[in-house]
Amino acid sequence: QVQLVESGGGLVQAGGSLRLSCAASGSIFSRNAMGWYRQAPGKQRDLVAAITGGGSTNYADSVKGRFTISRDNAKNTVYLQMNSLKPEDTAVYYCNAVRPAPSGWVPGGYWGQGTQVTVSS
């Protein structure tokens, strides 16, 4: 069964930290690259960070130096450590398997429920 379960979101003041977790079914996680996306109200869903099966990482410019993506292959779980949070980081955060394409990382077709991150100023 395909499953993606995000957790760890919440309300935090600017400058604070949160750690998001995403538990994925083995069929999704396996050796796939995984990514964290976010979607703010009225905006498109954008990729924030990606990690390959071997541990190589990519970040959106807006989060470089503040966010860290990691994975635990034994637990089929991917994490997003978010530090120095800003109000503009407020969004629903989703994880998904991703695959490389000429245009960049492309997500799989199934999405979990996401986890809300709200950063107050």
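Summarised in this report is the structure supplied together with it. Every value quoted in this text rests on a predicted model; they were computed, and no experiment measured them.

**Regarding the packing of aromatic side chains**
For the structure on display, the rule yields two aromatic pairs. For the pair Y37 and W111, a centre-to-centre distance of 5.1 Å together with 90 degrees between the ring planes defines the contact as edge-to-face. Of this pair, Y37 sits in strand β4 (residues 33–39) while W111 sits in the loop between β10 (104–107) and β11 (115–120), and the two are 74 residues apart along the sequence. Consider the rings of Y94 and W111, whose centres lie 5.9 Å apart with planes at 80 degrees: the pair is edge-to-face. Within this pair, whereas Y94 is found in strand β9 (residues 91–101), its partner W111 is found in the loop between β10 and β11, the two being separated by 17 residues in sequence. Taking relative accessible area as the criterion, W111 reaches 26% and is therefore assigned partly exposed.

Rules used throughout
- Each chain has its residues counted from 1, following the order in which its sequence is written.
- Given that the model is predicted, a residue must reach a pLDDT of at least 70 before its local features are reported, and side-chain atom pairs must reach 80 or more before they are shown or counted; all residues, however, enter totals for whole chains, interfaces and linings.
- Derived side-chain values reflect all non-hydrogen atoms in the structure, with water molecules and hydrogen atoms excluded from consideration.
- Pairing of aromatic side chains here covers Phe, Tyr and the six-membered ring of Trp, requires ring centres within 6.5 Å, and sorts the geometry by plane angle: under 30 degrees stacked, over 60 edge-to-face, intermediate tilted.
- The helix and strand labels rest on DSSP assignments: H or I over at least four residues marks a helix, E over at least two residues marks a strand, and numbering proceeds from the N terminus.
- Burial here depends on accessible area, computed with a 1.4 Å probe over protein chains only, as a share of the maximum for the residue type. Under 20% is buried, over 50% is exposed, and the range in between is partly exposed.

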